[in-house]
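Coordinate analysis (summary)
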Amino acid sequence: MSTTKCCATIPVVDDRTHDVDWSGLFHASGPASDTPGHLAALLGKDARASVDGYSHLWSATLRREGKAWPATAPTAMLVAELLDNPLLGLDDPSLPDAMLAYLYVVGAAADLGDQATEIRARVQDRAPELRGWTVEYVSADEDGRARMWQDGTGLGELVLDQAALSCFDVVPVLLQRTLPYLASERARRRTCAAAAVGALARHPAASAQRSELLQQLTSMALAADSSYDLATMVIAIGHLGGDTRPWLTDPHAGVRVCAALAPDLAGNDTAEHVLMELERSPQAFSKSFGDMAPPLQLQSQSLQDLLAGRRAS
């Protein structure tokens, strides 16, 4: 059993996080040596630093549409540690919900399926080159980094594939750290945890747990207090291969759409009818949640993109 260690002011239980050389990783803004400090600020009393830390988490450590940078996987491990810290959310109870939402995005970025084995082989074959490219990248200035993406070697793209693979490798730990929040006393926290579990439990290592998790998510959905929470849970059920057909006739338009988007309902006549209605009146879906944004699983892609991907599959 590993002993508790410290990274910045965030207690870290996992040895893999403690041993991270953050200066050898990068995110959207360059070297990631600033990331642990930004996350530590989320526990402090400096309001400005906390806002900056939150912004850094979402804008720097994730690529567009929720893809991974090399710093994303160790950041996710720190976020999992933050969740258990009693100092998180003392002044803003929504912060733990946001950390669970972040873990959902990481889980989606790590959903490599059968590609994981192939990516791992390519990464291992070119490991020395990848290390050299990364060392040069974190040492370069902004203009130099921009030029490296156009160097014609393909190493930058492979570094990003390696980043997704790193997320894939930490998903089993992230899932176990997320599961307790399915039983949170706060409804929105349970909902964010359900979204995260719906992404993280797609990992092959979670296959034995999936049936039990689907039962738990279904029970949560049946007891949901709001259409927003229900829609989020229904998407999670669909992501794990559960049966979302009972919600295809829900009175709430948003819930019906989220049920119809389940991958296993491709070709289902009722689901296809729901999605045809959506295409005719896409605003009806967003308006169905009132002043709230769509369920967090739908916030990184437009409905048009989701429907296009559904047709392509």
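Now for a description of the structure that goes with this document. (Residues numbered from 1 in each chain as written. Predicted model: local features only at pLDDT ≥ 70, side-chain atom pairs only at ≥ 80, totals over all residues. Heavy atoms only, no water.)

**What to know about helix H14 (residues 269–280)**
For H14, built from 12 residues, the straight-helix expectation of 16 Å at 1.5 Å per residue is met to within 8% by its first-to-last C-alpha distance of 17 Å. Regarding H14, the residues found buried are Ala271, Val274, Leu275 and Leu278. The arc enclosing the buried residues of H14, seen along the axis, measures out at 95°, which places them on a common side. Turned more than 90 degrees away from the buried face of H14, the exposed residues are Asp269 and Arg280. Near the N-terminus of H14, the side chain that reaches the backbone nitrogen of Thr270, with its oxygen 3.0 Å away, is that of Asn268. (Helix = DSSP H or I, 4+ residues; strand = E, 2+ residues; numbered from the N terminus. Expected span 1.5 Å × (residues − 1). Buried < 20%, exposed > 50% of the residue type's maximum accessible area, 1.4 Å probe, protein only. Arc of directions from axis to C-beta. Polar contact = N/O pair within 3.5 Å; in protein donor to acceptor, adjacent residues only side chain to side chain.)

**Some remarks on the pattern of salt bridges**
Under the counting rule described, the total for this entry stands at 11 salt bridges. Salt-bridge contacts for Arg48 lead to Asp52; the nearest nitrogen and oxygen are separated by 3.1 Å. Note that Arg48 and Asp52 are positioned in helix H3 (residues 47–59) at a spacing of four residues, about one turn of the helix. By relative accessible area, which is 53% here, Arg48 ends up exposed. With relative accessibility at 33%, the residue Asp52 sits in the partly exposed group. Residue Asp243 is joined to Arg245 by a salt bridge in which the shortest nitrogen-to-oxygen separation is 2.9 Å. Here Asp243 falls in the partly exposed class, since its relative accessible area comes to 38%. Three or more residues joined by partner-sharing salt bridges are found here, namely Glu81, Asp84 and Arg177. (Salt bridge = Lys/Arg side-chain N within 4 Å of Asp/Glu carboxyl O.)

**Thoughts on the nonpolar core**
Formed by 102 residues in total, the largest nonpolar core has its most connected members in Met99, Leu174 and Leu182. Take this core: its biggest share by element is 13 residues, from helix H9 (residues 155–178). Beyond its immediate sequence surroundings of up to four residues, Met99 is in contact with Leu42, Tyr54, Leu57, Val79, Leu82, Leu83 and Leu88. (Core = buried A, V, L, I, M, F, W, Y, C linked by side-chain atoms within 4.5 Å. Contact = heavy atoms within 4.5 Å.)

**Quick look at the layout of surface pockets**
What the largest pocket holds in volume is close to 1,200 Å³. Every residue lining the largest pocket is counted, 40 residues in all, and those nearest its centre are Tyr104, Ala108, His239, Gln301 and Leu306. Looking at the lining of the largest pocket, the elements with two or more residues in it are helix H5 (95–109), H9, helix H12 (227–239) and helix H16 (303–312). For the lining of the largest pocket, the element with the highest residue contribution is H5, accounting for six residues. Along the lines of polarity and charge, the residues of the lining of the largest pocket split into 22 nonpolar, 10 polar and eight charged. Forming the boundary of the second largest pocket are 19 residues, of which Leu25, Val123, Gln162, Ala163 and Ser166 lie nearest the centre. (1 Å grid on protein atoms, 1.4 Å probe; cavity = no way out; pocket = protein on both sides within 12 Å on 5 of 7 lines; lining within 4 Å. Points joined across faces, edges and corners; volume = space filled by probe spheres on them. Nonpolar A, V, L, I, M, F, W, Y, C, P; charged D, E, K, R; others polar.)

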